[in-house]
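Coordinates in review
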Amino acid sequence: MLKRIGKKLINNLGLKILALLSALVMWMVVANIDDPMIKRPYKTSVLPTNEDYITSQGKYYEWLDGDNTVSFNVSAKRNVHEKLSNADFSATADLEKIVYDEKSGMWRVPISISTSKYSGDQVEISSREQYMDVMLEDLGTCQKAIAANTRGTVADGCALGDLQIVGSNLLKVSGPASIVSQIDTVSATINVDGMSSDVTDSVIPVLYDKEGEVIDTSKLTLSLNTVTVSAQILNTKDVQLEFATTGEAADGYVMTDVTYTPGTVRIKGKTAVLNPLNKITVPEEVLDITGIRENLVTTVDISSYLPSGTSLVLNSDAKVEVTVHVEPVITRVLELPTQGIPIQNLREGYRASYDAATIPVEVRGAQSEMEGLTAADLTGSADAGNLGAGEHILEVTLEVNREQCWIGLPVTVPATIERDPDAPAGGNNTPSGNGTSSGGNNTPSGDGTSSGGNNTQPGDGTSSGENGTGTADSEQSGDAASQGNNAPADDAGAAGSPHAGDGAPAAGAGE
């Protein structure tokens, strides 16, 4: 049975295959000639028109769920469909025709779909009315000044200078009132990381709410999409602060110090401006200490005292905490040994000695400075004032080796001045008292005559000129002749004589 069926299937197999192929060709020919109408789905985006109608009503709209596409059916011949795509269709929603559907509680806009590739006779778009669901809310508008900011850190030794928006810095915003009302600030940020010279860039402004969160602008209309920001890069330098004071503390008080924090600030500016700067001096009138009896503590804003063309790197450095320290003045009396006090302006050929081992010295000063003060902290000298032999009171000039201490009362010391027997004799043009004087290394003669050197000046006797002799008419004592190098004799005999000094008569002097 099966063999019989198999024979029938393979019998005339070639003719059977040929017949099948002929049938297929015949069907294709018939189908192409007939080309029946068929329906296919398409999809395209909806373009809104007459948007001003909505905004003129003070409203903002958006497609519900953000979907602005529409699906529709198109009837056309198969060969037409094969040439059609979604891009061949356009859909518009005329917002002037917006209606409110009470049943759904939604605003709806009718959609019009068309194609320009084929005529209405060739393409039939579904006649079913389609709508776009729209959400309406109040339209909000605002305008904000754009603030320029930076991101990153400039190169070492540099600092930011002027930062500005190039061109308009006013941003106008419109959109849903619920979003617009959240806008607090607008910032345009330029990247200055590693920069050592001025930089300019075009950046997108960013909107922030009061919490500092970024606001999505996809539903907003901005008057500016980008702004140009310019950043100036300056050099820096650390400089010392210096405070001066005016006035005096109250009686019995003294200013001891001025302290302040910070003591050094970093400023920025162009190199030519910074190079000559070493310190910032705050004028003395800022700190008036007149009559104060306790520390003066104040805060000084140094911004206005910065040199022209400079500014602070850190704005926090502008406020400087300043303290002017004052202390009560106390008085102490120290016993100063006279042994270590040198004598100034002592006549040549004279010597002096103090008549007291110590002298009292009144020292005044700040309490903290007076602690531990000893006579070793005093230095100075006595002034002989070219005084002659005898007992004298010499003025003493002293200094205290403490900054806030000083000598309270004038200091004097008793001293005796006398001729120094060990001083060398001789000299030219030595004036005498009432006797005869000789210059050089002359030796007085036995009869009162002294041999002269050059230009010997006699007292009441006669004098010889060069190599001459002078004869004394009176006893050479007390106010007798003296010699030396231009040193006048006071109550002494002629120098160079073995009896000179203490009023002893010169050898060979007549009586």
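Not measured: the values here are computed from a predicted model.

The rules behind each value
Residues numbered from 1 in each chain as written. Predicted model: local features only at pLDDT ≥ 70, side-chain atom pairs only at ≥ 80, totals over all residues. Heavy atoms only, no water. Phe/Tyr/Trp six-rings, centres within 6.5 Å; stacked < 30°, edge-to-face > 60°. Helix = DSSP H or I, 4+ residues; strand = E, 2+ residues; numbered from the N terminus. Buried < 20%, exposed > 50% of the residue type's maximum accessible area, 1.4 Å probe, protein only. Salt bridge = Lys/Arg side-chain N within 4 Å of Asp/Glu carboxyl O. Contact = heavy atoms within 4.5 Å. Core = buried A, V, L, I, M, F, W, Y, C linked by side-chain atoms within 4.5 Å. Patch = residues over 30% accessible without salt bridge, like charges linked within 9 Å, V, L, I, M, F, W, Y side chains within 5 Å. Areas by Shrake-Rupley, 256 points an atom, 1.4 Å probe, with all protein chains shown as cover. Pairing = 2+ DSSP bridges. pLDDT = per-residue confidence, 0-100. 1 Å grid on protein atoms, 1.4 Å probe; cavity = no way out; pocket = protein on both sides within 12 Å on 5 of 7 lines; lining within 4 Å. Points joined across faces, edges and corners; volume = space filled by probe spheres on them. Nonpolar A, V, L, I, M, F, W, Y, C, P; charged D, E, K, R; others polar.

**A closer look at the packing of aromatic side chains**
For any pair of aromatic rings, the description rests on two quantities: the centre-to-centre distance and the angle between the ring planes. Inspection of the entire model under this criterion finds 6 aromatic pairs. With centroids separated by 6.5 Å and ring planes inclined at 25°, the aromatic side chains of Y42 and F72 adopt a geometry described as stacked. Of this pair, Y42 sits in strand β1 (residues 37-49) while F72 sits in strand β3 (residues 69-77), and the two are 30 residues apart along the sequence. Assessed through its relative accessible area of 8%, Y42 is described here as buried. Residue classification places F72 among the buried positions, given a relative accessible area of 3%.

**Remarks on the pattern of salt bridges**
The final tally for this structure, using the stated rule, is 10 salt bridges. The closest approach of N and O atoms between R266 and D238, which form a salt bridge, is 2.7 Å. With a gap of 28 residues between them, R266 in strand β17 (residues 264-269) and D238 in strand β15 (residues 227-243) connect regions that are remote in the sequence. A relative accessible area of 41% places R266 in the partly exposed class. The structure contains a network of salt bridges with shared partners spanning D101, R108 and D133.

**Looking at the side chain of D377**
Locating D377 in the fold gives a position in the loop between α7 (367-370) and β25 (378-383). Of the residues examined, D377 reaches a relative accessible area of 16% and is grouped as buried. The contacts of D377, once residues within four sequence positions are left out, are G372, E399, V400, N401 and R402.

**Some words on the nonpolar core**
The tendency in soluble globular proteins is for nonpolar side chains to be buried as a group. In this structure, I183, L207, L220 and V229 are the most contacted members of the largest nonpolar core, which totals 24 residues. Looking at this core, the elements that each hand over two or more residues are β8 (130-151), β9 (158-166), β10 (170-176), α5 (177-180), β11 (185-191), β12 (199-203) and β15. Sort the elements by how many residues they give to this core and β15 lands first, with 4 residues. In this view, L220 contacts V173, S174, G175, P176, I179, V180, I183, L207 and I215; residues no more than four positions away in its chain are not counted.

**Here we look at a nonpolar patch on the surface**
A surface patch of nonpolar side chains, about 400 Å² in accessible area, is lined by I17, L20, L21 and L24. Mapping I17 onto the fold places it in helix α2 (residues 13-34). Classification of I17 by relative accessible area gives partly exposed; the value is 47%.

**Side note on the pairing of β15**
Sheet topology note: the β9/β15 ladder contains 7 bridges and is antiparallel. Within β15, the residue paired with L160 across the bridge is I233. Where β12 and β15 come together, 5 bridges link them in antiparallel fashion. The residue of β15 that forms the bridge with V199 is A231. Note: β15 against β17, 6 bridges, orientation antiparallel. Across the sheet, V239 pairs through a bridge with V265, a residue of β17.

**Re the confidence of the model for the chain**
Counting all residues, the mean pLDDT for the chain is 81, and 79% of those residues have values of 70 or more. Per-element mean pLDDT across the chain ranges from 34 in strand β30 (residues 469-471) up to 97 in strand β13 (residues 206-208). Under a pLDDT of 50 for its full length, residues 426-511 has, in the predicted model, 171 contacts with residues more than four places off or in other chains.

**Structural notes on the environment of T141**
Tracing the backbone shows T141 in strand β8. Measuring from C-alpha to C-alpha, the distance between T141 and K172 comes to 7.5 Å, with 31 residues separating the pair along the chain. Discounting chain neighbours no more than four positions away, the residues touching T141 are V173, S174 and V180.

**With respect to the layout of surface pockets**
In this approach, a probe sized like a water molecule rolls over the atoms, and the result shows the empty space that is left. Its volume calculated, the second largest pocket comes out at about 270 Å³. In terms of lining, the second largest pocket is formed by 14 residues, of which the most central are E51, T55, Y60, Y61 and T221. Of all elements in the fold, only α3 (52-55), β2 (59-63) and β10 reach the threshold of two or more residues within the lining of the second largest pocket. With 4 residues, the top contributor of residues to the lining of the second largest pocket is β2. In terms of residue class, the lining of the second largest pocket is built from 4 nonpolar, 5 polar and 5 charged.

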